[in-house]
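Okay, here's what each chain looks like letter by letter:
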Amino acid sequence: MTSACHSGHSSHTSSRKSSQQADLAKVTQVDRFLYHMRLSDETLRDIMARFQAEMQKGLGRDTNPTASVKMLPTFVRAIPDGSENGEFLSLDLGGSKFRVLKVQVSEEGKQKVQMESQFYPTPNEIIRGNGAELFEYVADCLADFMKTRGLTHRKFPLGLTFSFPCRQTKLDEGVLISWTKKFKARGVQDTDVVSCLTKAVKNHKDIDVDILALVNDTVGTMMTCAYDDPYCEVGVIIGTGTNACYMEDMSNIDLVEGDEGRMCISTEWGAFGDDGALEDVRTEFDRDLDLGSLNPGKQLFEKMISGLYLGELVRLVLVKMTKAGLLFGGKKSSSLHTKGRIETRHVAAMERYKEGLANTREILTDLGLEPSEADCIAVQHVCTIVSFRSANLCAAALAAVLTRLRENKKLARLRTTVGVDGTVYKIHPQYPKRLHKVVRRLVPNCDVRFLLSESGSTKGAAMVTAVASRVQAQRKQVDRVLALFRLSREQLVGVRDQMRAELEYGLRRDTHLRATVKMLPSYVCGMPDGTERGNFLALDLGGTNFRVLLVKIRSGRRSVRMYNKIFAIPLEIMQGTGEELFDHIVQCISDFLDYMGLKGAPLPLGFTFSFPCRQTGIDKATLIEWTKGFKATDCEGEDMVDMLREAIKRRNEFDLDIVSVVNDTVGTMMTCAYEDPNCEIGLIAGTGSNMCYMEEMRNIEVVEGDEGKMCINTEWGGFGDNGCIDAIRTQYDKEVDEGSLNPSKQRYEKMTSGMYLGEIVRQILIDLTRQGLLFRGQISERLRTRGIFETKFLSQIESDRLALLQVRRILQQLGLDSTCEDSIVVKEVCGAVSRRAAQLCGAGMAAIVEKRRQDQGLEHLKITVGVDGTLYKLHPHFSWILQETVKELAPKCDVTFMLSEDGSGKGAALITAVAKRLQQAQKEN
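Note that the structure is predicted; figures quoted are calculated from it, not measured. (Residues numbered from 1 in each chain as written. Predicted model: local features only at pLDDT ≥ 70, side-chain atom pairs only at ≥ 80, totals over all residues. Heavy atoms only, no water.)

For the protein chain, the count of helices and strands is 29 helices and 26 strands. By the compact-globule yardstick of 29 Å for 925 residues, the protein chain is too spread out, its C-alpha radius of gyration being 39 Å. Taken along its principal axes, the extent of the C-alpha atoms in the protein chain is 145 × 75 × 50 Å. Across the 925 residues of the protein chain, 58% fall into the buried class. The contacts of the protein chain with a sequence gap of at least 6 include a subset with a gap of at least 24, amounting to 70%. (Helix = DSSP H or I, 4+ residues; strand = E, 2+ residues; numbered from the N terminus. Rg over C-alpha atoms; globule rule 2.2 N^0.38 Å. Buried < 20%, exposed > 50% of the residue type's maximum accessible area, 1.4 Å probe, protein only. Contact = heavy atoms within 4.5 Å.)

Quick look at the sheet that holds strand E21 (residues 657–662) now. Reading across the sheet, the five strands line up as E17-E16-E15-E18-E21 and stay open at both edges, with mixed pairing between neighbours. The outermost strands of the open sheet, each flanked by one partner alone, are strand E17 (559–568) and E21. Here the average twist between neighbouring strands, direction ignored, is 20 degrees. Examined bridge by bridge, strand E15 (residues 534–541) and strand E16 (residues 545–554) share eight bridges and lie antiparallel to one another. Bridging across to E16, glycine 534 finds its partner in isoleucine 553. (Pairing = 2+ DSSP bridges. Axes fitted to C-alpha atoms, helices over the stretch in contact; angles between N-to-C directions.)

Once that is clear, we can look at the environment of tyrosine 693. Within the secondary structure layout, tyrosine 693 lies in strand E23 (residues 689–696). Considering only alpha carbons, one finds tyrosine 693 and asparagine 713, 20 residues apart in sequence, at a separation of 6.9 Å. At a separation of 2.5 Å, a polar atom in the side chain of tyrosine 693 contacts the side chain of glutamate 695. (Polar contact = N/O pair within 3.5 Å; in protein donor to acceptor, adjacent residues only side chain to side chain.)

Quick look at a positive patch on the surface now. Residues Arg128, Lys182, Lys184 and Lys298 make up a contiguous surface patch of positive charge. Within the secondary structure layout, lysine 182 lies in the loop between strand E7 (173–176) and helix H5 (193–202). By relative accessible area, lysine 182 is classed as partly exposed at 46%. (Patch = residues over 30% accessible without salt bridge, like charges linked within 9 Å, V, L, I, M, F, W, Y side chains within 5 Å. Areas by Shrake-Rupley, 256 points an atom, 1.4 Å probe, with all protein chains shown as cover. Salt bridge = Lys/Arg side-chain N within 4 Å of Asp/Glu carboxyl O. Lys, Arg positive; Asp, Glu negative; His and termini not counted. Charge placed at Lys NZ, Arg CZ, Asp CG, Glu CD.)

Time to look at a negative patch on the surface. Together, Glu572, Glu579, Glu580, Asp634 and Glu638 give the surface a local cluster of negative charge. Along the chain, the position of glutamate 638 falls in the loop between strand E20 (620–623) and helix H19 (640–651).

What follows concerns the sheet that holds strand E1 (residues 72–73). What the six strands build is an open sheet, ordered E1-E11-E10-E9-E12-E13; its pairing is mixed. Unpaired on one side and paired on the other, E1 and strand E13 (446–452) mark the two borders of the sheet. Note that strand E9 (residues 232–238) and strand E12 (residues 414–421) share five bridges and pair parallel. When the bridges of E12 are listed, valine 236 appears paired with valine 420. Of the strands in this sheet, E9 and E13 touch helix H14 (residues 431–442), which is tilted by about 160 degrees from E13.

It is worth spelling out the pairing of strand E22 (residues 679–685) at this point. For E22, the tally of buried residues reaches seven of seven residues, placing the bulk of the element in the interior. When E22 meets strand E25 (residues 861–868), the two strands line up parallel, connected through five bridges. Its bridge partner lying in E25, leucine 683 is registered against valine 867. The pairing of E22 with E23 spans five bridges and is classified as antiparallel. Looking at E23, one finds that glycine 682 is bridged to cysteine 692. Taking the residues between adjacent antiparallel strands as the criterion, E22 and E23 are bridged by three residues.

The next thing to look at is the packing of aromatic side chains. Applying the stated criterion across every chain, the model contains 23 aromatic pairs. The interplanar angle of 40 degrees and the centroid separation of 6.0 Å between the aromatic rings of phenylalanine 33 and phenylalanine 285 together place this pair among those described as tilted. With a gap of 252 residues between them, phenylalanine 33 in helix H1 (residues 2–33) and phenylalanine 285 in helix H7 (residues 284–291) connect regions that are remote in the sequence. A residue is classified by how much of its surface remains accessible, and phenylalanine 285, at 2% relative accessible area, is buried. An angle of 25 degrees between the planes, with centres 6.4 Å apart, marks the rings of tyrosine 872 and phenylalanine 897 as stacked. Note that tyrosine 872 is positioned in helix H27 (residues 870–874) and phenylalanine 897 in strand E26 (residues 893–899), a separation of 25 residues in sequence. For the pair shown, tyrosine 872 and phenylalanine 897 are each scored as buried. An aromatic cluster is built from Phe607, Phe609, Phe611, Trp626 and Phe630, whose rings are joined through pairwise contacts. Sitting over the face of the ring of tyrosine 231, arginine 415 holds its NZ or CZ atom 3.7 Å from the ring centroid. Note that lysine 565 overlies the ring of tyrosine 595, its terminal NZ or CZ placed 4.3 Å from the centroid. (Phe/Tyr/Trp six-rings, centres within 6.5 Å; stacked < 30°, edge-to-face > 60°. Lys NZ or Arg CZ within 6 Å of the ring centre and 35° of its normal.)

Below, the discussion takes up the packing of helix H16 (residues 489–507) against helix H26 (residues 820–855). Between two packed helices, the angle of one axis relative to the other and the distance separating the axes together describe the packing. Remark: H16 packs on H26, axes separated minimally by 8 Å, with the N-to-C direction vectors making an angle of 55 degrees. In terms of their interaxial angle, H16 and H26 are classed as oblique. In the packing of H16 onto H26, the handedness of the crossing is right-handed. Across from Leu492, Val495, Arg496, Met499, Arg500, Leu503, Glu504 and Leu507 in H16, the residues of H26 making contact are Gln839, Leu840, Ala843, Gly844, Ala846, Ala847, Ile848, Glu850, Lys851 and Gln854. Taken together, the residues that form the contact of H16 with H26 break down as 10 nonpolar, three polar and five charged. (Parallel < 35°, antiparallel > 145°, perpendicular 65-115°, else oblique. Left-handed = near helix turned anticlockwise from the far one by under 90°. Nonpolar A, V, L, I, M, F, W, Y, C, P; charged D, E, K, R; others polar.)

Predicted confidence across the protein chain gives a mean pLDDT of 88, with 95% of residues reaching 70 or more. Below a pLDDT of 50 lies the segment residues 1–8, which in the model reaches zero contacts outside its immediate sequence neighbourhood of four places, other chains included. (pLDDT = per-residue confidence, 0-100.)

Where helix H21 (residues 731–738) meets helix H23 (residues 754–770), the closest approach of the two axes is 9 Å, and the angle between their N-to-C directions is 120 degrees. As far as their axial angle goes, H23 and H21 are oblique. Relative to H23, the crossing made by H21 is right-handed. For the pair H21 and H23, the contacting residues are Gln731, Tyr732, Asp733, Glu735 and Val736 in the first and Tyr756, Glu759, Ile760, Gln763, Ile764 and Asp767 in the second.

Between its first and last C-alpha atoms H16 spans 27 Å; for 19 residues at 1.5 Å apiece the expected length is 27 Å, and the two agree. Along H16, the residues that are buried comprise Leu492, Val495, Arg496, Met499, Glu502, Leu503, Gly506 and Leu507. Seen from one end, H16 has its buried residues packed into an arc of 135 degrees, which puts them on one side. Elements in contact with the buried residues of H16: E23, strand E24 (709–713), helix H22 (747–752), H26 and helix H28 (878–889). (Expected span 1.5 Å × (residues − 1). Arc of directions from axis to C-beta.)

Before going further, it helps to spend a moment on the environment of glycine 82. Checked against the element boundaries, glycine 82 lands in the loop between E1 and strand E2 (86–93). For glycine 82, a relative accessible area of 14% gives the class buried. C-alpha separation for the pair glycine 82 and serine 522, spaced 440 residues apart in sequence, amounts to 60 Å.

Turning our eyes to something else, we now look at helix H6 (residues 217–228). The end-to-end C-alpha distance of H6, which contains 12 residues, comes to 17 Å, matching closely the 16 Å that a straight helix rising 1.5 Å per residue would cover. Buried residues dominate H6, accounting for 11 of its 12 residues. For H6, the full list of buried residues reads Asp217, Thr218, Val219, Gly220, Thr221, Met222, Met223, Thr224, Cys225, Ala226 and Tyr227.

With the rule as written, the count across this model stands at 63 salt bridges. In this structure, arginine 645 and aspartate 619 form a salt bridge, with 3.7 Å as the shortest nitrogen-oxygen distance. Of the two residues, arginine 645 is situated in helix H19 and aspartate 619 in the loop between strand E19 (613–617) and E20; the sequence distance between them amounts to 26 residues. Between arginine 762 and glutamate 759 there is a salt bridge, with its nearest N and O atoms 2.7 Å apart. On the criterion of helical spacing, the pair formed by arginine 762 and glutamate 759 is a turn pair, its members being three residues apart in helix H23. As far as burial versus exposure is concerned, arginine 762 and glutamate 759 are alike and both buried. Residues joined in a network through salt bridges with shared partners are Glu87, Lys102, Glu116, Arg149 and Arg154.

Okay, here's the thing in structure tokens:
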């Protein structure tokens, strides 16, 4: 009994063993038979590199025509930011069914989307008939949807999801390149599908839609997911067809004008390999499938991956294996030989966990076959290899896209989300897991989240439309603000003529005291002639730093050597008493003389003092008012040279011969005039703004004498303090003025100089944020801080070499978390403010050069302007715009701008040297 039992048990075990061995042998046979479909990581990395090269080809203007991966610009420039709201209609044409959708997007503090939709069939006679009839059918379905929901006689923005390769030149325009999948409607290729639909909709008088966006289903998927996850910047479809899109930097897209921001690119990766790039990866089954398809030689990558073809690939493999006697005992069935009898849903069912084997038996039996257990296991394994290869190929191309995104952002590690849709991804039980695993293995430096698009690409088209209408509305509001800073030629001519009138008031005795442009005589009457020589001390006070220089001038060769030391002026000194300020200055001079070993030398001294002063001699200067943050008491109305002499006496360590006191603008002119005798104008465009020029003595009524010329320090920063330029001042200028240390003074300077431009930008950014047009409507504490937006940031942000990514980094330093779109707007705001500043400066300069031309009775004037100042030197566009404005407003003047390399300190020494020379000449006379 025992032995019988035992022998029965062992025979059962051995039969199970032999059946397992048979199964294993079958699986091994399948592995051997489909050896070429098993792709190693090395092969996948190679495919990834090939796809990266194809993307690059598709993006290039010269290489795009021959590229198989078309990299089509979609003109979708922004992803949802959560502020979208309104009602939108959406159509989805591209699969086996046609869908109409109404989407209501509401903000209400939290993003909310409500949707109603209806599916309509797409009969074969419609999708393969006449193009006009196809669009009429679409319009009829739309009309039916709107009527049944009571939406007629209302205007709706509409987005069209159109899942075929289109060449777009605008968001609402797209020319069909070629039909794919099962569509073949005549007369549509090479025409604009939006126009076709618009024409068909016009036949329905009771419906009113504005087609704002044409969207590929892949883009729709990305946008749907981006609404829920702002990190989503890639969309992938793995369904009937396959494709991917992602947000590319505009600077890399040769096919579209402009470098600012990003744009979604539809890769159209289904055609990867159409140029032979994948021949070593394709198998005999792929070639057989392609030959039997509607479009041989096209969409070869798609034919290895997508739902339209996976089932057919499995069928072709089974036919070949049966012929070779490896399956079903070599017995074929007519169903197995019928094209299309195995569908992707069958492949998915056969691979299902647990019930997969039973499903396989049922499907094969339905095909008229009699499968053994081993056959079922083998067929299941064929399905696994075919669908796994699909996931592998998809992963390689997606890894290439992710790598490109990471490299574009110059990140060591990328965090991003991929929005996914498509039946293969949704219904195949193993597909998502396999895809994710391989992607993560191929790009270990990317943290990727995969997000399933719940409501498909139709919602995405509505989101694109919602974003388009938001961007449109925002653009109008931003343009309205920027328009305030755009000056017409007429306005600039007005500024030029008004400036000219103010210059004349300042020169006349009867109006001088009331003039806003002070026109201060500097008592600098001569220019360097090259005979100057000697050692001179120069002081330079005009900002938060104070400079002491020793200037050695050698005559003949016009050589100047300088030694200098810079000292800080603390805020408490700038805003303390006058005595403390001048004691501090003398302390700095003492330190410098010690440092140079010059304590006992009786040096002539020139004092550059860059504040408005009324001079009655070259060494007499009464301070009219402090500017640029200085507030020292008991100084206004006092002679600055006397205050300096008193402080030197108090210290009682050294004696200096103070020969001249000069403004930094005059110093700049003199420095340049030493190199170029044609230089008769000085301009400072830096922290402050000012201009000086050589005026005929006969025109200066406030000074005795008619002979020769004298330099006039215009102090043009006060231009407009009488309200003469109020018409071009904006609310932002008024806010900056009211918040300044000297409200309603120096109005022209506050529109043109470095100390204020960043502050104007800050005020605009606050207003735009308040309107919900920037930074998601969040005003950060940093943005509320006065002076945070320095003018150097304007110069950096406006640099042509700066990518938007770097603009975002600058904004992040300021505590501003900006999107790409925010960065574009900030750059435009900076550009508008600095452009206006340069134009206003140019209009003022045009008034001066025209005055000089007319005073000299010349048909044509040739003159040089010596320039200094950080704004002119460091801003990427300021100098050019200024020069162009002068050229336009003073066409009879040939003006050369010469940069002052050594600043106004050298100028003070030269003025001192010229004054000494003239004093000597007077003595000798």
